[in-house]
Amino acid sequence: MIADVYIELKEGVADPEGEATKKALRLLGFKNVKSVSSRKVFRIEIDARSRDSAEREIKQMCEKLLINPVIQNYQIRWVE
Amino acid sequence: MDRDEIRVAVLRIEGTNCEDETVKAFREFGVFCESVHLKQFYSDMIRDKEQRTFTDYNCLVFPGGFSAGDYVRAGAIFSARLKSVLQNDLEDFIKQGYPILGICNGFQVLVELGALPGFDEDRPIAEKPEMVLGINDSNRFECRPSLLKHENRGKCIFTRKLEKDVVMFPVAHAEGKVIFPKGKEKEYIDGLVQNDQIVFRYVDTKGSYAGYPWNPNGSTYNIAGICNITGNVLGLMPHPERAFWYPNTDGRAVIESALDYLGRI
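Being a predicted model, the structure only gives us computed values, none of them experimental.

A.B. asks: Honestly, the confidence of the model for chain B in this entry has me stumped. Any pointers?
C.D. replies: Interpreting fine coordinate detail is not advised for predicted regions of low pLDDT. Of the residues in chain B, 100% reach a pLDDT of 70 or more, and the chain-wide mean stands at 97. For this predicted complex, the interface score ipTM comes out at 0.86, alongside a pTM of 0.95.

A.B. asks: I'm lost on the interface of chain A and chain B in this one. Help?
C.D. replies: The extent of an interface is frequently quoted as the accessible surface area lost upon association of the parts. Listed per partner, the contact involves 14 residues of chain A and 18 residues of chain B. Among the elements of the structure, helix H1 (16–27) and helix H2 (51–66) of chain A are those that each provide at least two residues to the side of chain A that touches chain B. Ranked by residue count, the leading element in the side of chain A that touches chain B is H2(A), at four residues. Considering only residue class, the side of chain A that touches chain B consists of eight nonpolar, two polar and four charged.

A.B. asks: Which parts of the structure should I look at to understand the sheet that holds strand E3 (residues 72–78) of chain A?
C.D. replies: By definition, the strands of a sheet pair up through backbone hydrogen bonds, in either a parallel or an antiparallel sense. All names here are of chain A. The strand order across the open sheet built from three strands is E2-E1-E3, with neighbouring strands paired in antiparallel fashion. The open sheet has two edge strands, strand E2 (39–45) and E3, and neither has a second partner. Each neighbouring strand pair of the sheet contributes to a mean axis angle of 20 degrees, computed without reference to strand direction. The pairing of strand E1 (residues 2–9) with E3 spans seven bridges and is antiparallel. Its bridge partner being in E3, Ala3 is matched across the sheet by Trp78. Across the face of the sheet, H2 comes into contact with E1, E2 and E3 while running at roughly 35 degrees to E1.

A.B. asks: Any chance you could explain the nonpolar core here in plain terms?
C.D. replies: As a rule of thumb, nonpolar side chains are buried together in soluble globular proteins. Residues and elements named next belong to chain B. Counting residues in each nonpolar core, the largest one holds 78 residues, and the members touching the most others are Val8, Cys59 and Leu110. Looking at this core element by element, the count peaks at seven residues for helix H2 (residues 76–95). Filtering out sequence-adjacent residues up to four positions away, Cys59 remains in contact with Ile6, Val8, Tyr98, Pro99, Ala258 and Leu262.

A.B. asks: Any chance you could explain the sheet that holds strand E4 (residues 100–103) of chain B here in plain terms?
C.D. replies: Residue and element names in this part refer to chain B. The mixed open sheet is built from nine strands, whose spatial order is E2-E1-E3-E4-E11-E10-E9-E6-E7. The open sheet terminates on both sides in strands that have one partner only, identified here as strand E2 (32–37) and strand E7 (166–173). On average, each strand axis in the sheet is tilted by 20 degrees relative to the strand beside it, whichever way the strands run. As judged from the three bridges shared by strand E6 (residues 142–150) and strand E9 (residues 198–202), these two strands associate in the antiparallel manner. Bridge pairing in E9 places Leu148 opposite Tyr202.

A.B. asks: Would you mind showing me how to read H2(B) here?
C.D. replies: Residues and elements named next belong to chain B. Helix length check: H2, at 20 residues, gives a terminal C-alpha distance of 23 Å against a target of 28 Å (1.5 Å per residue), a shortfall beyond 12%. Along H2, the sharpest kink reaches roughly 90 degrees, centred on Leu86. Turning to H2, its buried residues number three or more, namely Ala76, Ile77, Phe78, Ser79, Leu82, Leu90, Phe93 and Ile94. After H2 finishes, the residue Gly97 shows a positive phi value of roughly 85 degrees.

A.B. asks: I'm lost on the packing of H2(B) against helix H3 (residues 105–113) of chain B in this one. Help?
C.D. replies: Packed helices, taken two at a time, are described by the angle their axes make and the gap between the axes. All names here are of chain B. Axis separation between H2 and H3 bottoms out at 8 Å; the angle between their running directions is 55 degrees. By the criterion of interaxial angle, the relationship of H2 to H3 is oblique. Considering only the axes of H2 and H3, their crossing is right-handed. The residues of H3 that touch H2, namely those facing Ala76, Phe78, Ser79, Leu82 and Lys83, are Val109, Glu112 and Leu113. Here the residues of the contact of H2 with H3 sort into five nonpolar, one polar and two charged.

A.B. asks: Please explain unusual backbone geometry as it appears in this structure.
C.D. replies: The phi angle of most residues is negative, glycine excepted, and most peptide bonds adopt the trans form. Residue and element names in this part refer to chain B. Residue Pro213 is bonded to the preceding Tyr212 through a cis peptide linkage, with omega at 5 degrees. In this fold, Pro213 is placed in the loop between E9 and strand E10 (223–227). Unlike most non-glycine residues, Asp70 shows phi in positive territory, near 60 degrees. Counting through the fold element by element, Asp70 comes out in the loop between strand E3 (59–62) and H2. The backbone of Tyr221 shows a phi angle near 60 degrees, a positive value even though the residue is not glycine. Checked against the element boundaries, Tyr221 lands in the loop between E9 and E10.

What counts, and at which threshold
Here the residue numbers are simple positions, counted from 1 along each chain's written sequence. Throughout, the order in which chains and ligands are written sets their labels, letters from A for the former and numbers from 1 for the latter. Totals for whole chains, interfaces and linings use every residue, but because this is a predicted model, local features are given only for residues with pLDDT of at least 70 and side-chain atom pairs only at 80 or more, for both listing and counting. As a per-residue measure, pLDDT tells how confident the predictor is, with possible values from 0 to 100. By the convention adopted here, residues make contact when the C-beta atoms placed from their backbones lie within 7 Å. Working definition: helices are DSSP H or I runs of at least four residues, strands are E runs of at least two. Numbering for both runs from the N terminus. Under the scheme applied here, ten amino acids are nonpolar (Ala, Val, Leu, Ile, Met, Phe, Trp, Tyr, Cys and Pro), four are charged (Asp, Glu, Lys and Arg), and all others, including Gly, are polar. Criterion used throughout: strands pair if DSSP finds at least two bridges between them. Helix axes use the C-alpha atoms of the stretch in contact, all axes being lines fitted to C-alpha atoms, and the angles between their N-to-C directions lie in the range 0 to 180 degrees. In these notes, a nonpolar core means any group of buried Ala, Val, Leu, Ile, Met, Phe, Trp, Tyr and Cys residues linked to one another through C-beta atoms within 7 Å. Exposure in this text rests on C-beta crowding, where 20 or more other C-beta atoms within 10 Å of a residue's own make it buried, 12 or fewer make it exposed, and counts in between make it partly exposed. The C-beta atoms are placed from the backbone. Expected helix span is computed as 1.5 Å times (number of residues minus one). Consider a residue and the seven residues that end there alongside the seven that start there; fitting an axis to each set, the bend is the angle between those axes. Any angle from 65 to 115 degrees is called roughly perpendicular, while one under 35 is roughly parallel, one over 145 is roughly antiparallel, and all others are oblique. In this scheme the crossing of two helices becomes right-handed for a clockwise turn of the near helix relative to the far one and left-handed for an anticlockwise turn of less than a right angle.

What follows is the structure, given as structure tokens:
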């Protein structure tokens, strides 16, 4: 099974990377850009009996390493 | 404890890069100090004479650098490796009152580990991180001198011999902005102030709290360094070991204070 884990900043947390990218895009002439925010994606291939048990394990991975719960949220999207 | 009984370990993994100057600074005071790779504490692939345990030391330092390439988040992988194999040893070390210093990336490691802010004396390593050292507001690597007001009232064992009110330590980081959980900022700051856990805050040349560039990263409450509730774990973004040799020697007091404290126990 393969899952994509999307990690994003919680609402209201400053996103300097997104802001700087937006500024640069507008300088390049993309005047229609309204906002840019950054994401990080980890693609995880995992052996598991069921999607549920894999999802439980991935949640633990997020809590133990992949996110810092003070500023980040995550979403799991199954690729296959 | 006499000076010659003091043993200091500067911990490194792949990507740590400030261990040599940190070791040199400690040795300047005549104590035993060595740089130790984390795997020397747990791997069975290590030669006998290079194997170590935390009980070999009475002071630990997490130095600056880019441990594990800053992948995932700065300090996250170093702290995950510590947590997986050495959490109990580290908790015992903190409970025994031995000093732990985290500089720059080392501060990030201690935060990711949950050892800072370290509000709980009985559980010195929190289950989850309680704060973040986030990307600088400028979205740049900020590398220059910074002025720090020393605000600790005596709890932090690393600054008891610091005589100056304002010191200069250089900063060099891209992720140093202290962020507390949203909506709980005041609660956290009040707690830190009340417990005497605030150690350094960024100021301008007049000694007043100021924004960028004096506060290089946009840190909440201008925080540059904090200690845990028992005062024996200090994390700070600026580098005291880079303000060690003439003419900028403000950082010497940080190491000297820790050694002085050890000398009394």
